[in-house]
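Architecture and fold: a report
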Amino acid sequence: MADAKPRLVILGSGPAGLTAALYASRANLEPLVIEGVEPGGQLTITTDVENYPGFEHGVQGPEMMEIFRRQAARFGTRFETGHASEARLGRRPFELVVDGKVVTADALIISTGATAKLMGIESEKRLMGYGVSACATCDGAFFKDKQAVVVGGGDTAMEEATFLTRFCTKVTIIHRRHQLRASKIMQERARKNPKIAFIWDSVIEEIHGEQKTGVSGVTLKNLKSGANSEFRTDAVFVAIGHQPNTAIFKGQLAMDELGYLQVRAGSTCTSVDGVFAAGDVADRVYRQAVTAAGTGCMAALDAERWLEAQHGN
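Below: a short report on this structure. (Residues numbered from 1 in each chain as written. Predicted model: local features only at pLDDT ≥ 70, side-chain atom pairs only at ≥ 80, totals over all residues. Heavy atoms only, no water.)

**Observations concerning the sheet that holds strand β8 (residues 101-105)**
Heads up, the rule is: The criterion for strand pairing is that DSSP finds at least two bridges linking the strands in question. Counting from the N terminus, the helices are DSSP H or I runs at least four residues long and the strands are E runs at least two residues long. Between N-to-C directions, angles span 0 to 180 degrees; the directions come from axes that are lines fitted to C-alpha atoms, helices contributing only their stretch in contact.
An order of β6-β7-β8 is seen for the 3 strands of this open sheet, with the pairing classed as antiparallel. At either margin of the open sheet sits one strand with a lone partner, and together these are β6 (84-88) and β8. This sheet shows a mean twist of 25 degrees between the axes of neighbouring strands, independent of strand direction. Pairing of β6 with strand β7 (residues 94-98), which is carried by 4 bridges, proceeds in the antiparallel orientation. Within the sheet, the bridge partner assigned to Glu-86 lies in β7 and is Val-97.

**Looking at helix α2 (residues 61-74)**
Since the α-helix advances by 3.6 residues per turn, residues separated by three or four positions end up pointing in the same direction. Here is the rule: What a helix is expected to span follows from its residue count: subtract one and scale by 1.5 Å. Type-normalised accessible area, obtained with a 1.4 Å probe on protein chains alone, sets the label of each residue: buried when under 20%, exposed when over 50%, and partly exposed for intermediate values. Note: the arc covers the axis-to-C-beta directions of the helix.
With 14 residues, α2 extends 20 Å from end C-alpha to end C-alpha; this agrees with the ideal 20 Å at 1.5 Å per step. For α2, the full list of buried residues reads Gly-61, Met-64, Met-65, Phe-68 and Ala-72. All buried residues of α2 lie within an arc of 95 degrees about the axis, which places them on one face of the element. A positive backbone phi angle near 110 degrees is found at Gly-76, which sits one or two residues after α2.

**Some points on the sheet that holds strand β18 (residues 235-238)**
The pairing of strands in a sheet happens through backbone hydrogen bonds and is either parallel or antiparallel. For clarity, the cut-off: Whether two residues are in contact is decided by their heavy atoms, any of which lying within 4.5 Å being enough.
Taken in spatial order, the 5 strands of this open sheet run β11-β18-β12-β13-β14, and their pairing is parallel. Only two strands of the sheet have a single neighbouring strand rather than two, namely β11 (132-133) and β14 (196-199). Note that β11 and β18 share 2 bridges and pair parallel. By the bridge assignment for β18, Val-132 is matched with Val-236. Where helix α5 (residues 155-164) meets the sheet, its contacts fall on β12 (147-151), β13 (170-174), β14 and β18, and the angle it forms with β12 comes to roughly 170 degrees.

**With respect to the environment of Ala-16**
By secondary structure assignment, the location of Ala-16 is in helix α1 (residues 15-26). Residue classification places Ala-16 among the buried residues on the basis of a relative accessible area of 5%. Not counting chain neighbours up to four residues away, the residues in contact with Ala-16 comprise Ser-111, Ala-278, Gly-279, Ala-292, Ala-293 and Gly-296.

**Observations concerning the packing of α1 against α2**
Which entries qualify depends on this criterion: Note that the term roughly parallel is reserved for angles under 35 degrees, roughly antiparallel for angles over 145, roughly perpendicular for angles of 65 to 115, and oblique for everything else. Rotating anticlockwise by less than a right angle from the far helix to the near helix defines a left-handed crossing, while the corresponding clockwise rotation defines a right-handed one.
In contact at an axis separation of 8 Å, α1 and α2 are set at 20 degrees when each is read in the N-to-C sense. Judged by the inter-axis angle, α1 sits roughly parallel to α2. Handedness of the α1/α2 crossing: left-handed. In contact with Pro-15, Leu-18, Thr-19, Ala-21, Leu-22 and Ser-25 of α1, α2 contributes Met-65, Phe-68, Arg-69, Gln-71 and Ala-72.

**A word on unusual backbone geometry**
With the exception of glycine, the majority of residues adopt a negative phi angle, and the majority of peptide bonds are in the trans configuration. Of the consecutive residues Arg-92 and Pro-93, the connecting peptide bond is found in the cis state with omega at -10 degrees. Look at Glu-30: it is not a glycine, yet its phi comes out positive at around 45 degrees. With respect to the element layout, Glu-30 can be found in the loop between α1 and β2 (32-34). A relative accessible area of 54% means that Glu-30 is categorised as exposed. Look at Asp-201: it is not a glycine, yet its phi comes out positive at around 55 degrees. Structurally, Asp-201 can be placed in the loop between β14 and β15 (202-210).

Following this line, the structure appears as structure tokens:
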């Protein structure tokens, strides 16, 4: 890997990174994709994907990412599995330290995504994609005429709960405090919705269910009394925020207060010339596979034009 001197390196192999690779490889840039420790991104832990265009009957998340990968490889994309621990963007060419080795790049596309913050219990991990989700927009329609719980107290939780009422008969918000952190308008919207209920001062201790049959309920712990209780539900949506995977770029690239990369309006250009950002790493609003793929396309086109302007064909 140390000897590789690609013109374009793409960090991340989710929908954004692989779409960028497809476009860049078809432009004969022979991009190198650093796949990261979770090749395929968050879709590899997703079961049915029914809202991505082109898959009429839906597709399994891991299968879709494998299709993306094969398509990019077909046109000459190279892949390396590894973890980028350091980025040196103050020198030309750029340098990335990947599993202890240095990879250089004339241009860089960052598509490292954002990781959903989770509760950290074993049953949450075991049932992720089988009744546990971190995305109501992605999975809400699977729970039509069923009951769901949403964990969280911020704007994201209120948005997820409100969205779920389009499908679910009842949505219960579980919050560890007695006051919401959400903005007043989002609180009002949730409180006025007749399908939304609240359980205060409580956390989920355990999620019950099996992968074959889905979620059947949760064990709740009241943080004031210490008492445990059982609560029946068909789904658990965790909405306690996302963490953009941008730690190695702190102090080098412009970010917002949450750590999302900032890009120039109408482009994928970051604050460093020749560095581009695509997908959830720069998107705190939509966080969908199709929007990530769209910005991956944009980043590849931006990088191609930048390389041509800088270095010619």
